[in-house]
Amino acid sequence: MIPRVYRIEHRREEYPGTFTLEMSADRGRPVTCDPGQFNMLYAFGAGEVPISISGAGRRDGLLVHTIRTQGLVTAALERLKEGEQLGVRGPFGQGWPLDLARDSDLLIIAGGVGLAPLRPVVYSLLDGRGRARRTQLYYGARRPEERLFRHELNQWGRAVSLVQSVDHADSDWPGHIGVITGPLQASRINGPETIAFVCGPELMMRFSIRVLLESGVPASAIFLSMERNMKCATGLCGHCQWGPRFICKDGPVFCYKDIQPWFQIRGL
Amino acid sequence: MQDYVLQARDLDILIQVVRAEGFEVMGPVLRDNAIVYDAISTAADLPQGWTDEQEKGTYRVKRRNDGAYFGYAVGPHSWKKFLQLPHRQVWKARSNNSGIQVAEIVDEAPQLAFLGVRSCEMHAIAIQDRVFVDGEYQNDSYTRRRSNIFMVSVNCTSAAASCFCTSMDTGPRVTLPCDLEMTEVIEGETHYFLVGSESYRGARVLQQLPVVPSTQEHEAKAERAVQNAVRQMEKGPRNFDSTDLKELLYRNYESPSWDRVAERCLSCANCTMACPTCFCSTVEDTTDLSGTYAERWERWDSCFTADFTYITGGAVRPDTRTRYRQWMTHKLATWHDQFGSSGCVGCGRCITWCPVGIDLTEEVRKIRELEKINREGP
């Protein structure tokens, strides 16, 4: 499977080393993606990386990816300017089960760049494609200026009630300080009627899930997005194996109930 | 299936007929003191009169006292090198003023005949078929190559000490479909192959051979020869009950046994390279000096390498303990959930080619014993 060529229409720096690309398909129609799926992004000659889809606009047809520079390939992607091209293979994997949120309280819990794969969930609520009884977004980041989509977060208030927490901030910061599980624990979660989508560092997901379970959210109503090394994204290269599962085709979004014992094993 | 008798002196006719049918024949050859698979053009290329002696960490070829063509078990190579190429180009790309163009590399799939495929190896190929062909996505190169293969299988009549196919239910008798199935029989002055065909293509080849229909005596001798291999393995040190392996390993992710094997394992990846079912690969992206031409290559990879699980923040499996656990648990346990069968065919290559002599069957036994001690006390 070879990449399709996409052109960068808009490039926005979220904060140093983290950027969002809005891209259009060079030829043909853009692919349709479900929230929570990912693409393999190819920086010419440098290689491919799996990156969650942070937006797939229905109206403008633009594919959106938000990327944090960590290695050679993401550094090469960071250097790309508007008008330049990259390769896209995908979309791959299983996304968020938005249908299940219809008659529930939706709790979105995101840490750092983990907000990126959840952005399409918020947008589907905003434009009415997705529905939930009510939605709360708990967003934790390192610092106020290291939050994704800072200029959009306030508009999201139409669809979600937003609770934010950062590890470090000065006195101007109106939100919480500390890990996101703090405010999560203090909130009144209607456990049995809640469905939770969680994405962030594994440690943060671990603690968030603990709070959710203590609040009476059933394991079958907790969904999380996992990350592993990937080369092919099609279940053939073996890299993303996680116990009996392949993150690329069985995930990246899993129901906690299905993976509960595996999630506890370190170095799996 | 009606069986026929092909005299051993006529084996070359079989090879020439298969070649005339348009296949390049791959078979066992003796090279660098090992029996490996490579192109052959006559029966004289085969390792006639040679056998292999195998134990953990040891492989030696030795003269037999007869002229058997297939009187060895398995060598370091497996047929996977012809199906899942060790190194192949996946795409090429150009970047210029008009943008990026990516073109797939469609490698030519040659018409190959595999001569002398053992039952364990047929199971290994079937396992790789389930990985590369039967899933949602295909490895196109493998799929094309696989569909061209003319398969001549050979029933095993002697087992190496490292063999345990009877424990994995994958041999020594060939049970999976092939084009021609052969059993080599040597008793005193008689030396013949019992041959049967299971496909139209196989029947076409068989028709062109100087064969006679087999008698009950021919068949009884062949059966005795295969039973000889069965007996060797059942009496051997690596005979074990594999029926509960998945449950055993699923219960023992935190067994202290993993720490002990990690003290010996070198994380060298030999077992994964020699294994006929290990399928992991990685990719390499390169550019030329101008930076306008790029290639992507795929090559075999191993779960024992440090960067195999690298993500931001480091390797998910940072040490030999977690890597050996992944390899063995994948092979014997999680494979069942992924692809509906074990990933091990009992060929013993990982035992023989481990430079420090780690024996998978021994490790299973240790895990079982430690679990028992922990449950019942010493």
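What counts and how
All residue numbers here refer to positions counted from 1 along the written sequence of the relevant chain. A letter from A marks each chain and a number from 1 marks each ligand, given out in the order of writing. Reporting of local features is limited, given that this is a predicted model, to residues whose pLDDT is at least 70; pairs of side-chain atoms are given and counted only at 80 or more, and all residues count toward the totals for whole chains, interfaces and linings. With hydrogens and water set aside, each side-chain value is computed from the structure's full complement of heavy atoms. Think of it this way: any DSSP run of H or I at least four residues long counts as a helix, any run of E at least two long counts as a strand, and we number them from the N terminus. For the radius of gyration, the atom set is restricted to C-alpha positions; the globular benchmark scales as 2.2 Å times the number of residues to the power 0.38. Exposure categories follow from relative accessible area, calculated using a 1.4 Å probe and restricted to protein chains: below 20% of the type maximum is buried, above 50% is exposed, and the middle band is partly exposed. For this analysis, residues touch if any pair of their heavy atoms sits within 4.5 Å. Surface accessibility in these figures is a Shrake-Rupley result with a 1.4 Å probe; residues are shielded only by whichever protein chains are displayed. One requirement defines pairing of two strands: DSSP has to find at least two bridges between them. Here the bounds of each domain stem from an automatic or database domain assignment. By buried area we mean the combined loss of accessible area, with a 1.4 Å probe, across both parts when two parts are placed together. Any Lys or Arg side-chain nitrogen located within 4 Å of an Asp or Glu carboxyl oxygen qualifies as a salt bridge. Any pair of nitrogen or oxygen atoms within 3.5 Å is treated as a polar contact; in protein, a donor-acceptor pairing is required on top of that, and neighbouring residues in sequence qualify only through side-chain atoms on both sides. Residues are grouped as follows: Ala, Val, Leu, Ile, Met, Phe, Trp, Tyr, Cys and Pro are nonpolar; Asp, Glu, Lys and Arg are charged; every other residue, Gly included, is polar. What counts as an axis is a line fitted to C-alpha atoms, over the stretch in contact for a helix, and the angles between N-to-C directions run from 0 to 180 degrees. By definition, turning the near helix anticlockwise from the far helix through less than a right angle yields a left-handed crossing, and turning it clockwise yields a right-handed one.

> How would you sum up the overall build of chain B? Please name residues and give values.
Scanning chain B from terminus to terminus reveals 13 helices and 16 strands. Taking 21 Å as the expected radius of gyration for a compact globule of 378 residues, we find that chain B reaches 22 Å, a close match to that expectation. Along the first, second and third principal axes, the C-alpha set of chain B runs to 70 × 65 × 35 Å. Expressed as a percentage of the 378 residues in chain B, the buried residues total 57%. Of all intrachain contacts in chain B linking residues separated by at least 6 positions in sequence, the fraction that spans at least 24 positions is 72%. Taken as a whole, chain B presents about 16100 Å² of accessible surface, with 48% of it coming from carbon and sulfur.

> Quick rundown of the pairing of strand β1 (residues 4-15) of chain A? Include the residues and the values.
All names here are of chain A. With four bridges joining them, β1 and strand β6 (residues 85-92) adopt antiparallel strand pairing. Within β6, the position partnered with Arg4 by the bridge is Val88. Pairing between β1 and strand β2 (residues 18-25): eight bridges, direction antiparallel. What sits directly across from Tyr15, in β2, is Thr18.

> Let's hear about the domain arrangement of chain B: which residues, and what values?
Residue and element names in this part refer to chain B. Taken domain by domain, chain B consists of domain 1 (4-86 + 107-235) and domain 2 (245-280 + 303-376). Averaged C-alpha coordinates put domain 1 and domain 2 at centres separated by 28 Å. Each partner contributes to the interface: domain 1 provides 29 residues, whereas domain 2 provides 31 residues. Here domain 1 packs against domain 2, burying approximately 2300 Å² in sum over the two surfaces, 62% of which is carbon and sulfur. Looking only at domain 1, the three residues that lose the most surface to domain 2 are Lys56, Ile127 and Phe164, adding up to 25% of its buried area. Linking domain 1 to domain 2 there are two salt bridges. Glu362 is the salt-bridge partner of Lys56, the closest N and O atoms lying 2.6 Å from each other. Our count for the contact surface shared by domain 1 and domain 2 stands at 20 residue pairs in polar contact (both at pLDDT 80 or more). Contributing elements (two or more residues each) for the side of domain 1 that touches domain 2: β4 (50-55), β5 (58-63), α3 (119-132) and α5 (165-168). Residue contributions to the side of domain 1 that touches domain 2 peak at nine residues, all from α3. Its residues placed into classes, the side of domain 1 that touches domain 2 shows 13 nonpolar, eleven polar and five charged.

> An account of the packing of helix α9 (residues 257-264) of chain B against helix α13 (residues 360-376) of chain B is needed here, citing residue identities and associated values.
Residues and elements named next belong to chain B. Packing of α9 against α13 brings their axes to within 10 Å, and their N-to-C directions diverge by 145°. Judged by the twist between their axes, the crossing of α9 over α13 is right-handed. Residues Ser257, Trp258, Arg260, Val261 and Arg264 of α9 lie in contact with α13, whose contacting residues are Glu363, Lys366, Ile367 and Leu370. When its residues are assigned to classes, the contact of α9 with α13 shows four nonpolar, one polar and four charged.

> For the interface of chain A and chain B, give the residues involved together with the corresponding values.
Each partner contributes to the interface: chain A provides 35 residues, whereas chain B provides 48 residues. Between chain A and chain B lies a buried interface of about 3400 Å² when both sides are counted; carbon and sulfur atoms form 60% of it. When the buried surface of chain A facing chain B is broken down by residue, A:Phe44, A:Leu236 and A:His239 rank first, second and third, together holding 20% of it. For the pair chain A and chain B, the number of links is one salt bridge. Our count for the contact surface shared by chain A and chain B stands at 14 residue pairs in polar contact (both at pLDDT 80 or more). Looking at the side of chain A that touches chain B, the elements that each hand over two or more residues are β4 (47-56), β6 and β14 (245-246) of chain A. If one sorts the elements of the side of chain A that touches chain B by residue count, β6(A) sits on top with four residues. Of the residues contributing to the side of chain A that touches chain B, the split by class is 16 nonpolar, eleven polar and eight charged.

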